[in-house]
Amino acid sequence: MKALSLLLAVTIFQFIALSQNALAEDPTPGYNTKIPEGLLTPDKYPTRVGDIEFFDGIPTAATAEALYNHLDYIRGVQTFLNGMPAASLEAIRRSQAVNGKTQSNRAVIMDDLMDSNPLFLTGNTDTVYLSIILDLEEAGPTVIEVPAGTGPGTVNDAFFRFVVDTGPPGPDAGKGGRYLILPPDYDGDLDPPVGGMEAEVDGETYFVAKSSSWVNWYIARGFLKDGKPDFSSKLFRDGIKVYPLSQKDNPPEMVFENGSRQPINTIHSTDFNFFKELNTVIQREPVEFLDPELRGLFASVGIEKDKPFAPDLRMKNILIKAAEVGNATARTLLWYERNPGDFLYDGSYWKIGFPGGNYQFLREDGRGGRDLDGRTEFFYFATVNTPAMTKKLVGKGSQYAWGALDANGDYLDGSKTYKLNLPKDPPAKKFTSIVLYDPQTRSQLQTDQPFPSYNSEKHKDKVKYNEDGSLDLYFGPEAPEGMENNWIQTVPGKGFFAILRLYSPTEAWFEKTWRPGDIELVE
């Protein structure tokens with residue numbers, strides 16, 4: 001008790017001393033005491049918004065108008081950058097809609113591989129893609145039957161968040177099985193974690209996962225056999241089945257559409273229409289689909305559940321400019337990385353395929369918060385979100401590296417010729433590939449070659465190897481003499497970038513004892 005009284009006395013003494021010191025200083029004009037300068041707002045000062053003016057800290061009407069316009073603009077840019085995952089998956093959904101509607105038993109399959117006609121963010125030329133849109137609001141709990149022997153598959157929700165993997169990186173481990181995807185309003189006894197769990201339902205075994213959204217995307221890849229897609233195309237067509245659990249005794253027949261060579265567009269807009277696309281998602285999905293922070297951001301520009309998105313002329317003009325700057329910002333994040341940790345090697349411009357190395361885009365497992373720039377960067381040029389792309393899964397899944405700059409740090413110019421050396425024995429059990437992409441569409445580069453790529457299995461008997469077993473690939477408008485089979489065509493006056501893929505990567509990739517050369521300009 002005496003100690004507490006002594007502490008209280010000391011505190012009172014310190015407060016009195018500080019107060020006397022403040023009174024001893026000359027008072028600030030208009031006040032009885034000295035006011036710290038950091039608390040006061042000047043009557044006028046220049047900013048990026050222009051000169052702003054106040055009367056005794058009260059904004060003038062003109063200043064308030066300018067700052068509200070600026071605030072709406074800032075939030076418009078942030079909505080573009082942070083709403084990108086939703087707009088991207090919505091664009092994929094829209095590409096598969098017939099008369100505005102999708103059906104879970106309807107699949108798009110790249111029977112003849114993906115060529116450069118479809119607009120699809122960094123799609124590969126090396127696996128058979130299978131794409132299905134799930135509508136859990138209409139169908140309820142939905143079953144996906146996956147045959148044994150498929151490549152990796154993933155279910156993502158309407159904000160491109162991970163739900164579950166199938167195939168080698170999934171719980172079926174490549175042996176096949178039945179997956180049950182529960183809708184967001186499911187309130188039964190099953191409580192699966194992210195990534196799913198094995199459970200018995202109505203006497204049958206499923207790998208059960210729950211989504212936070214009505215719309216989900218199932219994307220699976222099938223491997224080539226003898227350099228051809230026929231095996232995986234048939235495997236998917238004969239073995240993939242998707243149907244409501246309520247119809248398991250009489251499931252609807254699957255409908256497959258060959259998407260190869262089709263000029264479909266699966267990419268979100270980068271102008272004012274982006275906000276319309278995002279609004280479509282917000283109106284369709286449950287409120288709880290997004291956290292209050294994101295909901296509040298989108299609502300600040302007029303995108304709010306159960307309310308019309310109808311910006312007036314002032315707001316529309318602001319959002320038009322916000323989309324322009326948001327798009328430019330995303331491109332800057334993509335090409336000019338300022339996070340050293342996102343480069344794959346010291347002294348090299350190859351970048352890791354998944355910025356931050358975390359499928360939830362968390363820095364230091366969440367201690368550093370969300371990597372907002374990394375999330376924007378990834379979804380601006382890629383699709384499919386799975387931990388299999390960030391984990392060390394030796395002999396499973398896939399790994400990626402991408403090169404947007406040459407060995408000198410300059411962007412890649414399709415008018416020039418470049419060389420890339422791949423050392424012998426690439427660390428991949430399945431295959432290694434290089435695909436070139438268009439910087440505008442972030443889709444495959446469209447040239448006279450329908451498949452702008454090299455594949456270690458398809459082309460192993462066609463390319464020329466160096467004496468040490470390594471391989472030189474050339475990128476340019478014309479093939480170097482005698483190297484036509486080692487050449488991928490580019491377009492004069494256009495840029496390009498490259499992605500290196502390794503399917504079923506081996507230890508040498510993760511240990512970095514094997515590494516690609518830098519993309520070198522050929523003078």
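Reading guide: rules and limits
- Residues numbered from 1 in each chain as written.
- Predicted model: local features only at pLDDT ≥ 70, side-chain atom pairs only at ≥ 80, totals over all residues.
- Heavy atoms only, no water.
- Core = buried A, V, L, I, M, F, W, Y, C linked by side-chain atoms within 4.5 Å.
- Buried < 20%, exposed > 50% of the residue type's maximum accessible area, 1.4 Å probe, protein only.
- Helix = DSSP H or I, 4+ residues; strand = E, 2+ residues; numbered from the N terminus.
- Contact = heavy atoms within 4.5 Å.
- Salt bridge = Lys/Arg side-chain N within 4 Å of Asp/Glu carboxyl O.
- Pairing = 2+ DSSP bridges.

Let us look at the nonpolar core. One finds Trp217, Phe275, Phe298, Ile303, Phe378, Phe381 and Phe497 to be the most contacted residues of the largest nonpolar core, which totals 62 residues. Counting residues per element, this core draws most heavily on helix 8 (residues 313-335), at seven residues. Among all residues touching phenylalanine 378, those that are not within four sequence positions of it are Gly353, Phe354, Pro355, Phe361, Thr383, Val384 and Met389. Formed by 26 residues, the second largest nonpolar core is a distinct cluster that contains Leu344, Ala428, Ile488 and Trp514.

This model, assessed by the stated rule, comprises 24 salt bridges. Where aspartate 238 meets lysine 234, a salt bridge forms, and the shortest distance between an N and an O atom there is 2.6 Å. Linking aspartate 238 with lysine 234, this pair stays in helix 5 (residues 230-239), spanning four residues, or about one helical turn. According to the relative accessible area criterion, lysine 234 is exposed, its value standing at 53%.

Mapping histidine 268 onto the fold places it in the loop between strand 14 (255-258) and helix 6 (273-284). For histidine 268, a relative accessible area of 4% corresponds to the buried category.

Below, the discussion takes up the sheet that holds strand 21 (residues 487-489). Strand order across the open sheet formed by four strands is 21-20-17-23, with mixed pairing between neighbours. Every other strand in the sheet has two partners, leaving strand 21 and strand 23 (520-521) as the edge strands with one partner each. Sheet analysis places strand 17 (residues 418-422) next to strand 20 (residues 471-476), joined by five bridges and oriented antiparallel. What sits directly across from tyrosine 418, in strand 20, is phenylalanine 475.

On their own, these measurements won't tell you what the molecule is for.
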